[in-house]
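A structural walkthrough
So you can see what is in the structure, the chains are spelled out below.
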Amino acid sequence: MNTPLGSELFSAIVPAPFGAIGIRTEGERVRELVYLEPRFGDKAAQDATAELAARQVEQYLRDPDFVFDLPLMEAGSDFQRRVWGAISAIPRGSVRTYGILAKELGSAPRAVGQACGANWFPLVIPCHRVTAARGLGGFASHDEENGFHLSVKRWLLRHEGATASPWQQQSIWD
């Protein structure tokens, strides 16, 4: 089998219903989680931390109530970490808008959106639970309505049972 270019960047690749999730580790910490398009195959964990992360990603994909407990690298600015903390407090099945989070944090919606896009640990920090006031908003610094990343966001919200109507737009897989 030909390994897709870029697979070598990951310590493990976990298949997902929408494609795959790449896991990068550094030492005994998770460095990054990345949504990967379907062309990426799976890749066995290369170290114990990648194995732990892969198992937890697989558990989440089976059970949206699974709670992650991974050793994460320190990342982001103070403001980004504040936004990520607020995002982490959004319960499964719920969504918040960029504006609501901005108001809670004393910031601006655009700044909250940029912090969401800078999230190194999607799933663990569930930025997919943040939407625009009148629609899905962006995801992972992408906003192409029928593109891969927004379809991942739709899948994650459906997986978690979110029912807020603004995000329920046509998926490229529907």
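For every chain, the first residue of its written sequence is number 1, and the numbers climb from 1 along that sequence. Totals for whole chains, interfaces and linings use all residues, but because this is a predicted model, local features are given only for residues with pLDDT of at least 70 and pairs of side-chain atoms are given and counted only at 80 or more. Remark: hydrogens and water are excluded; side-chain values derive from all non-hydrogen atoms of the structure.

Elements are defined by DSSP. Helices are runs of H or I of four residues or more, strands are runs of E of two residues or more, and each kind is numbered from the N terminus. By definition here, a helix of n residues has an expected span of 1.5 Å times n minus one. The terminal C-alpha atoms of helix α1 (residues 48-62) lie 21 Å apart, and with 15 residues this matches the ideal 21 Å at 1.5 Å per residue to within 8%. Think of it in three bands: residues with accessible area under 20% of the maximum for their type are buried, residues over 50% are exposed, and the middle band is partly exposed, with areas taken using a 1.4 Å probe on protein chains only. Residues T49, A50, A53, A54, Q56, V57, Y60 and L61 constitute the buried set of α1. Any two residues whose heavy atoms approach within 4.5 Å are treated as being in contact. On the buried face of α1, the contacting elements are β1 (12-16), β2 (19-26), β3 (29-36) and α5 (148-159). N or O atoms within 3.5 Å of each other form a polar contact, as long as, within protein, one can give a hydrogen and the other can take it, and as long as residues adjacent in sequence are counted only when both atoms are side-chain atoms. Its side-chain oxygen at 3.1 Å from the backbone nitrogen of T49, D47 defines the N-terminal cap of α1.

Now for the environment of A102. Here A102 lies in helix α3 (residues 98-105). For A102, a relative accessible area of 2% translates into the label buried. Between the alpha carbons of A102 and A86 there is a distance of 9.8 Å; along the sequence they are 16 residues apart. Discounting chain neighbours no more than four positions away, the residues touching A102 are S107, A108, P109 and V112.

As a further point, take the sheet that holds β2. Two orientations exist for strands paired in a sheet by backbone hydrogen bonds: parallel and antiparallel. Strand order in the open sheet made by the three strands is β1-β2-β3, with antiparallel pairing throughout. The open sheet terminates on both sides in strands that have one partner only, identified here as β1 and β3. Taking the axes of each pair of neighbouring strands and ignoring which way they run, one obtains an average angle of 20 degrees across the sheet. Two strands are counted as paired when DSSP detects at least two bridges linking them. Angles shown run from 0 to 180 degrees and are taken between the N-to-C directions of axes, each axis being a line fitted to C-alpha atoms and, for helices, limited to the stretch in contact.

What follows concerns the environment of R158. Mapping R158 onto the fold places it in helix α5. Residues R158 and G93 lie 65 residues apart in sequence; the distance between their C-alpha atoms is 8.3 Å.

What follows is about the pairing of β2. Counting buried residues in β2 gives six out of eight residues, a clear majority hidden from the surface. Summarising the sheet, β1 and β2 pair through five bridges and their orientation is antiparallel. Each residue of the ladder has a partner; that of P15, found in β2, is A20. Between β1 and β2, which pair antiparallel and follow one another directly, the connecting turn spans two residues. Alignment of β2 against β3, held across seven bridges, turns out to be antiparallel. Pairing of I23 across the sheet is with L33, part of β3. Connecting β2 to the next strand, β3, in antiparallel fashion are two residues, including G27 with a positive phi near 65 degrees.

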